[in-house]
Structure formats: C-alpha cells, structure tokens
Amino acid sequence: MRKLRVLVMMDEALVPPDSVRGMSRRQIAPFRTEYDVLTALRAIGHEARAVGLKSDLAVLGRAIREFRPHLCFNLVEDFNGIPSRDQHVVSYLELISQPYTGSNPRGLTLARDKALTKKVLSYHGVRVPRFGVFPVGRPVRRPALLAFPLMIKSLSQEGSIGIAQASVVYDDGQLADRVSLFHDRHNADAIAEEYIDGRELYVSVMGNRKLVTFPVWELCLDGLPPDVPRIATANVKWNETYRRRHGIRSQPARDLPAALADRIAELGKEIYRALDLSGYARIDLRLAPDGEIYLLEANPNPQVARGDDFADSAAAVGIDYESLLQRILTLGLSYQPLGLAA
C-alpha cells in the first residue's frame, strides 16, 4: 500500500486533540469522527494532517500548498455554518484539480436539499412522502394535498437537528406553531413531510461507477412508548441515557426476507445514481406496514466514526474500519469529475 499525504478537512471547532486520554465519551463525542479518521489513517501508514475550516477558503488553499496532499478527506458539513454551502468547498477542490473523498458538488447539491432530493427521485419513480417547504419569514400555508400527520424538520441540516416527538403534528395550528418554533430556534428553512409509520432502514452505498452496498441496517425503536411516533429524534440519535432507557439500537435489519433485502439494496443504488452521488452515502428509508418503501433522505458523506451505522454495516461483511477508510481513499483518488473524460 502506497503511503499517502491526506489532508483531513473538518470544521475548525472539531479539530481533535492529539490524545483523548482521560476524556469522557461525552467530551469526545463532538469530534469523535474527526479523531477516529485521523488516528486510523495514521495507524495504516498514511501521513494525515487536520485542517479546520470555518469561513475562509484561503486557509484550505494554504494548507494544500504547504502539505501537497495526494488527496483531501472531506469531513466538512457546512461552510460558515450554512449546510448548503459545503458543496462549494468541494467545487473549489475540483477547480484546482485536488482529489478528495466523498461526494461530488452536484451530488451534494441534490442531496442536501431534502425537497430537491424528493423532486428528482419522484421523477425517477422512487416513492417519497408528500411534502411542503416553509422558508423563514414567510407565512405557513399548508398545500391542499398535504395530509396530516406531518413531520417537521430542517430542509438542509442533518443529524436530527430540531427533531423531537413534537415535530410530528396533527393539525394546522400545531403545524404553524412547530414551523415558527423551528424558524426561531434555527433560523433555517423547514420542510413538512407526510409521517410514514413503519421501520427505519438504512442502506450504505459505496462507489463511483461500480456500486456496492452493505447489509441493510435498522434503527430499532421498539422500546419507545407506544403512544409516540417512531422517529429518529435528536434524543434517539445522540442521548446515550435516553437510548439505554428505551433500548434503542442500530443493528442488521431483523427478519428481512432475502428478496426484500435485495430490492432495498437495488433501490439504494438507483437513488445514489439518480442523485449523481459518488464516493459513499447512506440512504435512509421507511418500510411501511403495507410493504411500500419510501425514501426519507439521502446522506452523502455520512458519519464514518467507529461504531456508527456506516462502519458497522461494512464490518458485517468483513470490512474492518481501517480497510473501509482505505476504500474511501481509493475511490477519491479514482474519481473523475463530471464532464471530464476518463
């Protein structure tokens, strides 16, 4: 294996310390992915260096000129706090012919905007929940065909930001109140989509042209109280005490017939291609009681910390963490930007 110089791009607030000895899991949690990636790359023999970004691309440009990386490992999720601008960071890398890991700018643009994602996939015949978009500063008017119950969440942010049990609303008054609260707290546009009851399934996809999928994963929410919606709230995702109390866990999908698992894997690839994704992504789905499969979100450059869904689903087919990161590097080096001949 060739030793590479890898510049790991991340939010400047998440640049990890050299050692986490003596730190609690709660202290490590914010920068766990960044720390895991850096330490694993170094462990397999690469020269990995962190660069923290906020609002100045000159910082990245200087780091590239000084370090001369073979490629950049992209862990950036926003630029100057705005999620929809992370694609511009990748566009900059393409403009200077700097190889990078993860999704290309077009894939990021299509997948970061949850409404745009659903419009594109609906055209391709993928089943998606009906939805309405509620921009900041505009009146909350529900489209006539949008039926309750509805789930309110961010149009572009990931990680279950702003999602709580109260995010599922049942009438126009609750809708207006929840959207207004979301606008006030997050100063970001909201999307309301039909709440689809059922199982929360994830399929991880890797590749540029030739795609592979890992086993279908499931967020198990059986332990939640019977009178609350089965949704991935911020507590479900990030609150370890809450997760233990309600037995919330991620694991291989249970009792999934082989034909259905194959169908979900093929759907994941279809969605990946329709959104022009590259590198790696996690496709979030809902399996309804009637057997219909709905696309909830497509997550380009998903979390790749040890023990997260993406890494665990790879481990289920014998790909250890270090090997997974090496595959991500290889895909980044082999990716040919859109519009350029191979």
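Everything below is about the structure shown above.
Criteria and cut-off values
Residues numbered from 1 in each chain as written. Predicted model: local features only at pLDDT ≥ 70, side-chain atom pairs only at ≥ 80, totals over all residues. Heavy atoms only, no water. 1 Å grid on protein atoms, 1.4 Å probe; cavity = no way out; pocket = protein on both sides within 12 Å on 5 of 7 lines; lining within 4 Å. Points joined across faces, edges and corners; volume = space filled by probe spheres on them. Nonpolar A, V, L, I, M, F, W, Y, C, P; charged D, E, K, R; others polar. Helix = DSSP H or I, 4+ residues; strand = E, 2+ residues; numbered from the N terminus. Expected span 1.5 Å × (residues − 1). Pairing = 2+ DSSP bridges. Contact = heavy atoms within 4.5 Å. Axes fitted to C-alpha atoms, helices over the stretch in contact; angles between N-to-C directions. Core = buried A, V, L, I, M, F, W, Y, C linked by side-chain atoms within 4.5 Å. Buried < 20%, exposed > 50% of the residue type's maximum accessible area, 1.4 Å probe, protein only.

Peer 1: Explanation requested: empty space enclosed by the protein in the structure shown.
Peer 2: It is the rolling of a water-molecule-sized probe over the atoms that shows where space remains empty. In the structure shown here, the tally under the stated rule is 2 cavities of 30 Å³ or more. The volume enclosed by the largest cavity comes to roughly 80 Å³. Around the largest cavity, the lining residues are Thr33, Glu34, Asn74, Leu75, Val76, Glu77, Tyr280, Asn301, Pro302, Gln303 and Val304. Residues of the lining of the largest cavity, tallied by class, amount to 5 nonpolar, 4 polar and 2 charged. Quantified by volume, the second largest cavity comes out at close to 60 Å³. Lining the second largest cavity are Ala111, Arg112, Lys114, Thr117, Lys118, Ser156, Glu158, Leu296, Glu297, Ala298 and Asn299.

Peer 1: Could you clarify how one ought to interpret helix α10 (residues 258-274) in this entry?
Peer 2: Side chains three or four residues apart in an α-helix point the same way, a direct result of the helix having 3.6 residues per turn. Its 17 residues give α10 an end-to-end C-alpha distance of 24 Å, which sits within 8% of 24 Å, the value for a rise of 1.5 Å per residue. Just beyond α10, the residue with positive phi is Asp276, at close to 55°.

Peer 1: Explain the sheet that holds strand β5 (residues 150-154) to me, please; I cannot follow it from the model alone.
Peer 2: Within a beta sheet, neighbouring strands are joined by backbone hydrogen bonds and run either parallel or antiparallel to one another. Pairing within the open sheet is antiparallel, and its 4 strands lie in the order β4-β7-β5-β6. Lying at the two open borders of the sheet, with one neighbouring strand each, are β4 (131-134) and β6 (168-169). As paired strands, β5 and strand β7 (residues 190-194) are joined by 5 bridges and run antiparallel to one another. Looking across to β7, one finds that Leu150 is bridged to Glu194. Along the sheet, helix α6 (residues 114-123) makes contact with β4, β5 and β7, crossing β4 at roughly 150°.

Peer 1: Even after reading the chapter, I still don't get the nonpolar core, so can you show me in this structure?
Peer 2: What tends to happen in soluble globular proteins is that the nonpolar side chains get buried as a cluster. Grouped together as the largest cluster of nonpolar side chains are 28 residues, with contacts concentrated most on Leu121, Ile264, Ile271, Leu275, Ile283, Leu285 and Leu295. Counting residues per element, this core draws most heavily on α10, at 6 residues. In this structure, Ile283 is in contact with Leu201, Tyr202, Val203, Val205, Gly268, Ile271, Leu295, Glu297 and Ala298, ignoring residues within four places of it in sequence. Residues Val6, Val8, Met10 and Leu41 belong to the second largest nonpolar core, which totals 26 residues.

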